[in-house]
Amino acid sequence: MRQLILQKKLIKKRPKKSLGQNFLIDKNILKRIVEINIFNSESEIIEIGPGTGNLTDYLIKKKPKKIFIIEKDKDLLKNLVEKFSGKAEIINKDILKFFEYQIFNKNTIVVGNLPYNISSQILVKFILDNNFRFRALMFMFQKEMANRILAKVNSKDYGRLSILSNWKFRVKKLFDIKAGSFNPRPKVESSILLFIEKTEKFPIRDSKNLEKITRILFNQRRKKIRKSINYIFKNNKKIINNLNLNLDLRPQNLDVETYCNIASKYEELKTN
Ligand code: SAH
């Protein structure tokens, strides 16, 4: 009987695949992450998905001015409260439904070993929603996703995530992390990326329009852009000519600036 109860307890505590729970257990990696010279005594940290608090422990050692941790899983809360009450502000919410902009400011560094199944959604949220203020984002992704974010025009990984990220941020890979540094061990390696907002971004009135343009074009990833461009601009030849595009190219052959040009023309058209 006792054994059964014990077993049940264990089952309940088992990491949840559905929430992308792969806890970082490698102390050398945890140390390396917080040694990145972006943290200082002015820093306010917001950690997404603290899990069992492994990274949180190290972040607190950097003595930030403030630290908020946002964890969706209720089952992990008790442990987080025991470990960090008085040291961190613990928020039990879903980051995708989180809009408390007031805890973000220009000294905020958003950190997270992101749940892999929603990591791109989380990144896109911080790209498109201008109400979030921060100094930098430091996120861990599966390596394949990181490569897509970093990809350059004309490469096979180049796509919506590369365009949106590179429109808004200077993106830098800090280092790769082996699968064995996590528990449970994921199937693939991870990479940690640092995002710092560009001071001079290509001006787009509403970044959601850039998102829309990339979505329409990359829906036809292998096709020439002619059809999608005609669709976006409702066959308006004058505007299309004005853009000076080679319509025989494919979505992967247009650089970030060209996407921005298309988005800003689209905005012009919408307001006229
Ligand atoms: N930072 C920890 C855990 C990373 S695993 C470590 O490195 O060890 C990802 C964490 O994100 C898990 O704790 C998971 O419960 C949490 N999570 C998953 N979806 C979330 C969401 N929508 N909002 C907030 N946290 C989420």
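Structure: see above.
What counts, and at which threshold
- Residues numbered from 1 in each chain as written.
- Predicted model: local features only at pLDDT ≥ 70, side-chain atom pairs only at ≥ 80, totals over all residues.
- Heavy atoms only, no water.
- Buried < 20%, exposed > 50% of the residue type's maximum accessible area, 1.4 Å probe, protein only.
- Helix = DSSP H or I, 4+ residues; strand = E, 2+ residues; numbered from the N terminus.
- Pairing = 2+ DSSP bridges.
- Right-handed = clockwise from strand over helix to strand, strands pointing away.
- Patch = residues over 30% accessible without salt bridge, like charges linked within 9 Å, V, L, I, M, F, W, Y side chains within 5 Å.
- Areas by Shrake-Rupley, 256 points an atom, 1.4 Å probe, with all protein chains shown as cover.
- Salt bridge = Lys/Arg side-chain N within 4 Å of Asp/Glu carboxyl O.
- Lys, Arg positive; Asp, Glu negative; His and termini not counted.
- Charge placed at Lys NZ, Arg CZ, Asp CG, Glu CD.
- Axes fitted to C-alpha atoms, helices over the stretch in contact; angles between N-to-C directions.
- Contact = heavy atoms within 4.5 Å.

J.: Before we go on, may I ask you to explain the pairing of strand E3 (residues 66–70) in this structure?
T.: One face of the sheet, then the other: side chains in a regular strand alternate in exactly this way. Most of E3 is tucked away: 4 of the 5 residues are buried. As judged from the 5 bridges shared by strand E2 (residues 44–48) and E3, these two strands associate in the parallel manner. Pairing of Ile46 across the sheet is with Phe68, part of E3. Crossover handedness for the path E2 to helix H3 (residues 54–61) to E3: right-handed. Handedness of the β-α-β unit built from E3, helix H4 (residues 77–84) and strand E4 (residues 89–91) comes out right-handed.

J.: Explain a positive patch on the surface here, please?
T.: Positive charge collects at one region of the surface, where Arg205, Lys212, Lys234 and Lys270 lie side by side. By the secondary structure assignment, Lys212 is in helix H8 (residues 207–218).

J.: Sorry if this is basic, but what is going on with the sheet that holds E3 here?
T.: Strand pairs in the sheet, formed through backbone hydrogen bonds, run parallel or antiparallel to each other. One open sheet holds the 7 strands; their spatial order is E4-E3-E2-E5-E6-E9-E7, and the pairing between them is mixed. Of all the strands in the sheet, the pair left with one neighbour each is E4 and strand E7 (169–177). Neighbour to neighbour, the strand axes of the sheet diverge by 20 degrees on average, direction disregarded. Strands in contact with helix H2 (residues 27–34) are strand E6 (136–142), E7 and strand E9 (190–197); relative to E7, the strand with the most contacts, it is inclined by about 160 degrees.

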